[in-house]
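Structural overview
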Amino acid sequence: MRQKSINNILIVGVAFVIFALMMFDRGSVRKYKDSRILMDTLVEITVYGNGKQKLKSSVNEAFDEIKRIENLMSGYISNSEIARINDAGGNALSVSPESAAVIQAAKDVGRLTDGAFDVTLGGLTRLWGFTSESPRVPQKSEIEELLAHTGSDIIEIKNYYNGKQTIVSIRLTDPATTIDLGGIAKGYAIGMAARRLRERGIESALIDAGGDIVVIGDKKGKPFRIGIKSPDDDSVIGVIEASDISIVTSGDYERGFSIGGVRYHHILDPKTGRPARRSRSVTIITKDAILADALSTAVFVMGREKGLKLINSLKGVEAFIVDETNKMFMSDNAGIYIKTGDQ
Ligand code: AMP
Ligand code: MG
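What you see is a predicted model; the values in this text were computed from it and never measured.

Side note on the overall build of the protein chain
When its secondary structure is counted, the protein chain shows nine helices and 18 strands. In terms of principal-axis extent, the alpha carbons of the protein chain reach across some 95 × 55 × 40 Å. The 343 residues of the protein chain split such that 48% are buried. When contacts within the protein chain are restricted to residue pairs at least 6 apart in sequence, those whose partners lie at least 24 apart make up 58%. Surface accessibility of the protein chain: about 17600 Å² in total, with carbon and sulfur atoms responsible for 51%.

Written out as C-alpha cells, the structure reads:
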C-alpha cells in the first residue's frame, strides 16, 4: 500500500517535471519580424523559433532571396533577364534555368486556363500605366494594336547541350512582344524565400508580400490564421486556417485608378486588353506558391463559373472568389481551410 502511494507520487512528480520542461520550451519560442519594400510591395516576414541571431539572419537571407529574384525577373529593372529578353529584338537569348522555369510555368498555366493567364501582356500593362505616375485609359486603337502582339505561344523555349552543359534559350518570335511576370514572379519569390528559411532550419514562419502569403509549419502548435480581406475595405470576410501552405490573392483593389466612378485595375483580360470584370478578388490556397500566384490572376480573369470548374478539377488547389456583384463562392473542398462569417 505504502509502496504504491510512493510510486504514485513519483509518477506525478515525473509528469510534472516533463510538463514544466515542455512549458519552458514553449515559452522560449521567440518571434522575430521584419519588413522591407521589395517587388513594389511591403514584404513582411515573421519567424518563430529559438535564438534571436539565427532568426534574424534567416529572415535577412529570405529578403535577399526575394531581392535576387526581383533583379532577375522584373521587367522594370534595366538589364534584368526579362528586360534583356524583351529587348532582344526577336533573337534567342540564353537565360538562367530559373527564369526559364518560371516562364515555362507561366506558359503551362496559360494553356491550362485557355489563355486567361498570359505573360505577354507587358505592352498593355505599360500602355495603361498601372505602375506609372500617370495611368490612363488608352484609345481603342492603341489597345488593338498591342493585342496583336500577345499570346504565350510567342515565347519559344529551347534547351540545347553545348558539350559542357545544358543551355536554355528564350526567344520572342514577335519582336514587338513584351513579357511581364507581374502575375507570377512574386509567387516564385515567396516560395523560394520559404525554401531558404527551411534550409536554415526554420520550422515556423509567415511570409506576407502584400497579401501573397506562404506559411511554414504551424504557429506554436496551432494552424496559422489568415484573414481574407473585403475588396472594399479592411474588414475580414473569411478566415483561412492552415499550416505549410501558400495563400495568394488577386484583387481589383490592389493596383489601379478610378475615373468617373469606374475602377480601372491591373488584371487584364487577354481577350480585350482591358481590366477583367468578372471578379473583385480571388484567393487560391495550395502548396505551391508559384501555382497559387498564377492561378489567382487566371481565375480572376476567368470568373466564378469557369474558374471554379477549373479549380475543382485540380487536386490540392482550392479557391475563394468574390464575384463582380460582391457574392462569395468557394471551391468544393475549400471548407477544409476557410471559415466565413455565415458558417
Ligand atoms: P496579380 O496581382 O498576381 O494578380 O498579378 C497582376 C499583375 O500581373 C499585373 O500587375 C500585371 O503585371 C500582370 N497581369 C495582368 N493581367 C494578366 C493576365 N491576364 N495574365 C498574366 N499576367 C497578368
Ligand atoms: Mg498572380
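Here we look at the packing of aromatic side chains
Under the criterion given, the structure shown has five aromatic pairs. When the ring of phenylalanine 130 is compared with that of phenylalanine 257, the centres are 6.1 Å apart and the planes differ by 35°; the resulting orientation is tilted. Here the residue phenylalanine 130 occupies a position in the loop between α5 (122–128) and α6 (140–147), and phenylalanine 257 occupies one in strand β11 (residues 256–259), the gap between them amounting to 127 residues. Residue classification places phenylalanine 257 among the buried residues on the basis of a relative accessible area of 10%.

With respect to the pairing of strand β1 (residues 30–38)
In the sheet, β1 pairs with strand β2 (residues 41–49) via nine bridges, with the strands oriented antiparallel. The partner of tyrosine 32 across the bridge, within β2, is valine 47. Hairpin connection of β1 to β2: two residues between the antiparallel strands, including methionine 39 at a positive phi of 50°.

A few points about the pattern of salt bridges
Within this structure, the stated rule accounts for 18 salt bridges. We note a salt bridge from arginine 171 to glutamate 156, for which the minimum N-O separation is 3.3 Å. Note that arginine 171 is positioned in strand β5 (residues 166–172) and glutamate 156 in strand β4 (residues 155–161), a separation of 15 residues in sequence. A residue is classified by how much of its surface remains accessible, and glutamate 156, at 27% relative accessible area, is partly exposed. Across the pair glutamate 241 and arginine 225 runs a salt bridge whose closest N-O atoms are separated by 2.5 Å.

Digging into helix α9 (residues 304–313)
By the burial criterion, the buried members of α9 are Gly307, Leu308, Leu310 and Ile311. The buried residues of α9 occupy one face: seen down the axis, they fall within an arc of 160°. Seen from the open side of α9, the exposed residues pointing more than 90 degrees away from its buried face are Glu305, Lys306, Lys309 and Ser313. At its buried positions, α9 is contacted by α4 (97–112), β15 (279–286), α8 (289–302), β16 (318–323) and β17 (328–330).

Concerning the site of ligand 1
In the neighbourhood of ligand 1, 17 residues make up the surrounding shell, with Asp118, Asp180, Ser250, Leu268 and Thr297 lying closest. The contact in question runs from a nitrogen atom of ligand 1 to an N or O atom on the backbone of aspartate 118, over 2.9 Å. Take glycine 183: an N or O atom from its main chain is 3.0 Å from an oxygen atom of ligand 1. In the complex, the protein chains occlude 93% of the 500 Å² of accessible area that ligand 1 would expose alone. A total of three residues in the shell around ligand 1 trace back to one element, the largest contributor, which is α8. For the shell around ligand 1, the class distribution of residues is seven nonpolar, six polar and four charged.

What to know about the sheet that holds strand β7 (residues 212–216)
Spatially, β1-β2-β6-β7-β10-β15-β16-β17 is the arrangement adopted by the eight strands of the open sheet, whose pairing is antiparallel. Each edge of the open sheet carries a strand with a single partner, namely β1 and β17. Within this sheet the neighbouring strands show an average axis-to-axis angle of 10°, counted without direction. Pairing of β2 with strand β6 (residues 204–209), which is carried by six bridges, proceeds in the antiparallel orientation. Its bridge partner lying in β6, isoleucine 45 is registered against isoleucine 207. Each of β1 and β2 is contacted by helix α2 (residues 52–73), which is oriented at about 20° to β1, the strand it contacts most. Together, β15, β16 and β17 form the strand contacts of α9, whose direction differs from that of β16 by roughly 175°.

About the cut-offs
Residues numbered from 1 in each chain as written. Chains lettered and ligands numbered in written order. Predicted model: local features only at pLDDT ≥ 70, side-chain atom pairs only at ≥ 80, totals over all residues. Heavy atoms only, no water. Helix = DSSP H or I, 4+ residues; strand = E, 2+ residues; numbered from the N terminus. Buried < 20%, exposed > 50% of the residue type's maximum accessible area, 1.4 Å probe, protein only. Contact = heavy atoms within 4.5 Å. Areas by Shrake-Rupley, 256 points an atom, 1.4 Å probe, with all protein chains shown as cover. Phe/Tyr/Trp six-rings, centres within 6.5 Å; stacked < 30°, edge-to-face > 60°. Pairing = 2+ DSSP bridges. Salt bridge = Lys/Arg side-chain N within 4 Å of Asp/Glu carboxyl O. Arc of directions from axis to C-beta. Near = heavy atom within 4 Å. Polar contact = N/O pair within 3.5 Å; in protein donor to acceptor, adjacent residues only side chain to side chain. Nonpolar A, V, L, I, M, F, W, Y, C, P; charged D, E, K, R; others polar. Axes fitted to C-alpha atoms, helices over the stretch in contact; angles between N-to-C directions.

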